[in-house]
Amino acid sequence: MAVELNAHEARVLGVLIEKAMTTPDSYPMTLNALTNGCNQRSNRDPELDLSEAEVTVTLTGLQMKHLVGGVTPAGSRVQKWRHNAKEVLGIDDREAAVLAELLLRGAQTAGELRTRAKRMRDLPNLEVLDEVVRALTDKRYVRPVAPAPGSRAGRFAQTLAASRHLDGTADEDATVLGGGAREAHDGPAPTPLGERVGALEREVETLRKQLAALAAALGEPLPDVEQRPRRLGLD
C-alpha cells in the first residue's frame with residue numbers, strides 16, 4: 001500500500017505505535033496524552049510543540065488514510081485514539097517498533113535502531129534487527145541511506161514521510177545507498193530541490209484536505225484562503 005505522511009502525521013503515528021507497546025495500560029490514548037507524547041523531549045527528533053488543535057487535524061488526515069481510529073470506552077465520554085498501522089501496512093510487532101523509531105527520530109544506524117527499538121519489542125541481536133530491516137525494505141517502508149557526516153556506518157530511514165522536518169527540507173538522509181531499497185524512476189532523476197518542492201506541494205495539498213474535513217466535521221465554512229502567491233513588493 002502506498003502511504004504518504006506529512007511531518008505531523010509521522011509524529012502522531014509514531015507516538016501511537018510507541019505508546020501501544022511501552023505503556024499499554026494507557027492505550028488507546030486521549031487527545032491530551034497523545035499531544036504530550038508528540039511534544040515529549042526524549043526519544044524525539046526534531047522536538048515539537050504541537051497544540052491539541054494541530055493534533056486533531058493530523059488525526060483527521062490519518063483517519064482518511066485508515067491508519068488511526070477513534071474509540072470511546074464504555075462509561076467514558078472521552079474519545080481515545082489507536083493506530084491501525086500493523087493491519088494497514090502489513091507489518092508485525094518488531095517491524096512496527098523499528099518503523100516507529102524511524103518515524104520518531106529519523107535515520108539511524110543498525111546499532112542505534114536495535115538499542116532504541118528494543119524498549120518496544122525484543123531484538124536480541126543485530127542479526128534479528130537486520131531481518132526486520134530487510135523485511136521493511138522489501139515492503140518499501142525503509143531504505144538504506146548515506147552515513148552521517150564523519151561516520152562510515154550506513155543508516156536506514158523510513159519512506160512514509162518524504163519530508164519529516166517541519167521546515168519542509170528533506171532529511172540529510174536523502175542520498176540513497178545502493179541495494180534493494182532503490183526504487184526505479186522513469187525519466188531523469190529529480191534534483192534535491194525538485195524533491196523538496198514536490199514534497200512540500202504534496203504536504204500542502206494534504207493539509208488543505210485535512211482542513212476541509214475538519215471544517216465539515218465542525219459545521220464551519222472553509223476559510224477563503226487566497227490561492228495565489230503573495231507579491232513580495234517587487235515590480
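The structure this text deals with has already been given above.
I will try to describe carefully the structure that is included in this document. This is a predicted model, so every value here is computed, not measured.

### Examining unusual backbone geometry
Part 1 of the argument: In this structure, the amide linkage connecting Tyr27 to the following residue, Pro28, adopts the cis form with an omega of 0°.
Part 2 of the argument: With respect to the secondary-structure elements, Pro28 resides in the loop between helix H1 (7-22) and strand E1 (29-30).
Part 3 of the argument: The residue after Asp45, namely Pro46, is reached through a cis peptide bond having omega 0°.
Part 4 of the argument: For Pro46, the position within the fold is in the loop between helix H2 (31-38) and helix H3 (52-64).
Part 5 of the argument: Although it is not a glycine, Asn43 sits at a positive phi angle of roughly 60°.
Part 6 of the argument: Tracing the sequence through the fold places Asn43 in the loop between H2 and H3.
Part 7 of the argument: At His66, a position not held by glycine, the phi torsion is positive, near 65°.
Part 8 of the argument: Secondary-structure assignment places His66 in the loop between H3 and strand E2 (68-71).

### Let's talk about the sheet that holds strand E5 (residues 142-145)
Strands belonging to one sheet form pairs held by backbone hydrogen bonds; the direction of such a pair is parallel or antiparallel.
Part 1 of the argument: The sheet built from 3 strands is open, its strands ordered E4-E6-E5 with antiparallel pairing. For this open sheet the edge positions go to strand E4 (108-109) and E5, each flanked by a neighbour on one side alone.
Part 2 of the argument: Where E5 meets strand E6 (residues 155-158), 4 bridges bridge the pair, whose relative direction is antiparallel. Residue pairing for E6: Val142 is matched across the bridge by Gln158.

### Side note on the pattern of salt bridges
Part 1 of the argument: In the structure shown here, the tally under the stated rule is 10 salt bridges.
Part 2 of the argument: When the shortest N-O distance is used, the salt bridge between Glu18 and Arg44 registers 2.7 Å. Of this pair, Glu18 sits in helix H1 while Arg44 sits in the loop between H2 and H3, placing them 26 residues apart in sequence.
Part 3 of the argument: Judged by its relative accessible area of 1%, Glu18 is buried.

### With respect to the side chain of Glu101
Part 1 of the argument: Note on placement: Glu101 falls in helix H5 (residues 93-105).
Part 2 of the argument: If near-sequence neighbours (up to four positions away) are discounted, Glu101 is found in contact with Gly106, Gln108, Leu113, Arg116, Ala117, Arg119 and Met120.

### Digging into helix H7 (residues 126-138)
Because the α-helix completes a turn every 3.6 residues, residues three or four places apart line up on one side.
Part 1 of the argument: The end-to-end C-alpha distance of H7, which contains 13 residues, comes to 18 Å, matching closely the 18 Å that a straight helix rising 1.5 Å per residue would cover.
Part 2 of the argument: On its buried face, H7 sits against H5, helix H6 (110-117), E5 and E6.
Part 3 of the argument: For H7, the N-terminal cap is Asn125; the gap from its side-chain oxygen to the backbone nitrogen of Glu127 is 3.2 Å.
Part 4 of the argument: Within two residues after H7, Arg140 carries a phi angle of roughly 65°, on the positive side.

Rules and cut-offs
Residues numbered from 1 in each chain as written. Predicted model: local features only at pLDDT ≥ 70, side-chain atom pairs only at ≥ 80, totals over all residues. Heavy atoms only, no water. Helix = DSSP H or I, 4+ residues; strand = E, 2+ residues; numbered from the N terminus. Pairing = 2+ DSSP bridges. Salt bridge = Lys/Arg side-chain N within 4 Å of Asp/Glu carboxyl O. Buried < 20%, exposed > 50% of the residue type's maximum accessible area, 1.4 Å probe, protein only. Contact = heavy atoms within 4.5 Å. Expected span 1.5 Å × (residues − 1). Polar contact = N/O pair within 3.5 Å; in protein donor to acceptor, adjacent residues only side chain to side chain.

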